[in-house]
Amino acid sequence: MEEFKNRLLKVYKHIGKWARKQGVTCFRVYDDDLTNFPFAIDLYDQALYVSEYQRKHTLTEDEHAEWLEDCKVVMTEVFDLPIERIYLKKRQRQKGTQQYEKLDQQKNRFMVRENGLRFIINLSDYLDTGLFLDHRNTRQLVKQEAEGKRFLNLFAYTGAFSIYAASGAATTTTTVDLSNTYLNWAQDNFAANGFGNEVGTTHRLIQADVKQYLDSLPQNAFDLVVMDPPTFSNSKRMLDFLDIQRDHVSLINRTFRAMTKGGVIYFSTNYRSFKIDEERIDAASIKNISGQTIPNDFSDKKIHQCFKLVK
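Residues numbered from 1 in each chain as written. Predicted model: local features only at pLDDT ≥ 70, side-chain atom pairs only at ≥ 80, totals over all residues. Heavy atoms only, no water.

### Brief notes about a negative patch on the surface
On the surface, Glu-61, Asp-62, Glu-63, Glu-66 and Asp-70 cluster together into a negatively charged patch. Mapped onto the fold, Glu-66 is located in helix H2 (residues 61–79). According to the relative accessible area criterion, Glu-66 is exposed, its value standing at 53%. (Patch = residues over 30% accessible without salt bridge, like charges linked within 9 Å, V, L, I, M, F, W, Y side chains within 5 Å. Areas by Shrake-Rupley, 256 points an atom, 1.4 Å probe, with all protein chains shown as cover. Salt bridge = Lys/Arg side-chain N within 4 Å of Asp/Glu carboxyl O. Lys, Arg positive; Asp, Glu negative; His and termini not counted. Charge placed at Lys NZ, Arg CZ, Asp CG, Glu CD. Helix = DSSP H or I, 4+ residues; strand = E, 2+ residues; numbered from the N terminus. Buried < 20%, exposed > 50% of the residue type's maximum accessible area, 1.4 Å probe, protein only.)

### Observations concerning the pairing of strand S10 (residues 222–227)
With 6 of its 6 residues buried, S10 lies for the most part within the structure. Across 4 bridges, strand S7 (residues 150–154) lies against S10 in parallel orientation. Within S10, the residue paired with Asn-153 across the bridge is Val-226. (Pairing = 2+ DSSP bridges.)

### Observations regarding H2
For H2, spanning 19 residues, the distance from its first C-alpha to its last is 27 Å, which sits close to the expected 27 Å at 1.5 Å a residue. Within H2, the full set of buried residues consists of His-64, Trp-67, Leu-68, Cys-71, Lys-72, Val-74, Met-75, Thr-76, Val-78 and Phe-79. Two residues or fewer after H2 comes Asp-80, characterised by a positive phi angle close to 55°. (Expected span 1.5 Å × (residues − 1).)

### Thoughts on the environment of Ile-163
For Ile-163, the location among the structural elements is in helix H4 (residues 160–167). A sequence separation of 20 residues divides Ile-163 from Lys-143, and the C-alpha atoms of the two residues are 8.7 Å apart.

### Points about the nonpolar core
If you look at the biggest cluster of nonpolar residues, it comprises 29 residues, and the most contacted ones within it are Leu-154, Tyr-213, Phe-267 and Leu-309. Per element, the largest residue contribution to this core is 5 residues, and it comes from helix H7 (residues 244–257). Among residues more than four places away in sequence, those in contact with Phe-267 are Met-227, Pro-229, Ile-244, His-248, Ile-252, Phe-274, Gln-305, Cys-306, Phe-307 and Leu-309. (Core = buried A, V, L, I, M, F, W, Y, C linked by side-chain atoms within 4.5 Å. Contact = heavy atoms within 4.5 Å.)

### Some thoughts on the packing of aromatic side chains
This structure, assessed with the given rule, holds 15 aromatic pairs. Summarising the aromatic geometry, the rings of Tyr-182 and Trp-185 are spaced 5.8 Å apart at their centres and angled 45° between planes, so their arrangement reads as tilted. Residue Tyr-182 and its partner Trp-185 are located together in helix H5 (residues 180–192), separated by 3 residues, close to a single helical turn. Note on Tyr-182: relative accessible area 1%, which makes it buried. For Trp-185, a relative accessible area of 3% translates into the label buried. Relative to Phe-274, the ring of Phe-267 has its centre 5.6 Å away and its plane inclined at 35°; by these criteria the two rings are tilted. Neither residue differs from the other here; Phe-267 and Phe-274 are each classed as buried. Aromatic ring contacts, followed pair by pair, group Phe-4, Tyr-30, Phe-37, Phe-39 and Trp-67 into a single cluster. Its guanidinium or amino end placed over the ring of Trp-185, Arg-109 lies 6.0 Å from that ring's centre, counting from NZ or CZ. (Phe/Tyr/Trp six-rings, centres within 6.5 Å; stacked < 30°, edge-to-face > 60°. Lys NZ or Arg CZ within 6 Å of the ring centre and 35° of its normal.)

### Examining the confidence of the model for the protein
Summarising the model, the protein shows a mean pLDDT of 91, and 92% of its residues fall at 70 or more. In the predicted structure, residues 93–101 sits below a pLDDT of 50 and forms 23 contacts with residues beyond four places in sequence or in another chain. (pLDDT = per-residue confidence, 0-100.)

### Points about the packing of helix H1 (residues 2–22) against H2
Between H1 and H2, the shortest axis-to-axis distance is 10 Å and the interhelical angle comes to 35°. The hand of the H1/H2 crossing is right-handed. From H1, Phe-4, Lys-5, Leu-8, Leu-9 and Tyr-12 reach across to H2, where they touch Cys-71, Val-74, Met-75, Glu-77, Val-78 and Phe-79. (Axes fitted to C-alpha atoms, helices over the stretch in contact; angles between N-to-C directions. Left-handed = near helix turned anticlockwise from the far one by under 90°.)

### Brief notes about the side chain of Ser-179
Following the sequence through the fold, Ser-179 ends up in the loop between strand S8 (172–177) and H5. Exposure remark for Ser-179: the relative accessible area of 4% places this residue in the buried category. Reaching out from Ser-179, the side chain makes a polar contact with the backbone nitrogen of Thr-181 at a distance of 3.2 Å. (Polar contact = N/O pair within 3.5 Å; in protein donor to acceptor, adjacent residues only side chain to side chain.)

### Examining the sheet that holds strand S14 (residues 285–288)
Read from one edge to the other, the open sheet built from 7 strands follows the order S9-S8-S7-S10-S13-S15-S14, with strand pairing classed as mixed. Looking along the sheet, the strands with just one partner apiece sit at the ends: strand S9 (203–207) and S14. Within this sheet the neighbouring strands show an average axis-to-axis angle of 15°, counted without direction. Of the strand pairs in this sheet, strand S13 (residues 259–269) and strand S15 (residues 305–310) are connected by 6 bridges, and their pairing is antiparallel. Paired with Ser-268 across the strands is Cys-306, a residue of S15. Helix H3 (residues 136–145) rests against S7, S10, S13 and S15 of the sheet, and its axis sits at about 170° to S13.

Structure below.
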């Protein structure tokens, strides 16, 4: 445990200093640094979200539970937080609708700030928290480009990209997701940032299967798009399953049909084996901007791939 504690202290001192300078209150403080302590640890203001990665070990179930409790005690000491503010999840390969399924009913929702914007977080009830920290830089890119643009957010989750686009003076935002739970969450995020009265008019929330929704769009409807799909989904609410390696060309080209010439798609995936099929995509230019979009607090530089595609 001493090795784990020393590593946490060292990393937290370094990253915490950087975060304070940046005004960032939600950031990764440990990224699977030590083989025997397979965690990703994210600080959300005054709480820790801890993901334990599946690894082979020789501990019995009881021994493993005791080891986890010892790890949590170390975290309370390093981060000066009560143990009830440490939320531990086991992270496995995501299958089907898993990201949409409730894991708990505690409803421990609270608000955090990122770049002057407010987002509602839930660290207990779902596999994910409501805000993907690895896309902090990408959200800023969208805000910088949003002014005067008609913005489309596909596979939108809780709508964070849409909030950034709205704050960057996008003329309209359209937020599309399969889950009404997450769209309601996005509506709360809009309200938290002063856009609540514009939801339904300037800012539209649409519950739909993206693969079907794209066929309903007219030409020249959007100027700026974010597409951050799951690697795979076979939800019962979808007419067809989604496989991002198989489907990305169709998704991108069909989105381009609904965009103005010179319009930009930011396409991202966390599928580590993903290969973009540039020859079959109808783009004027395609640029891999992953290095630009992965924040300094993520030592795993393969956490996602991100591409800027221009029609």
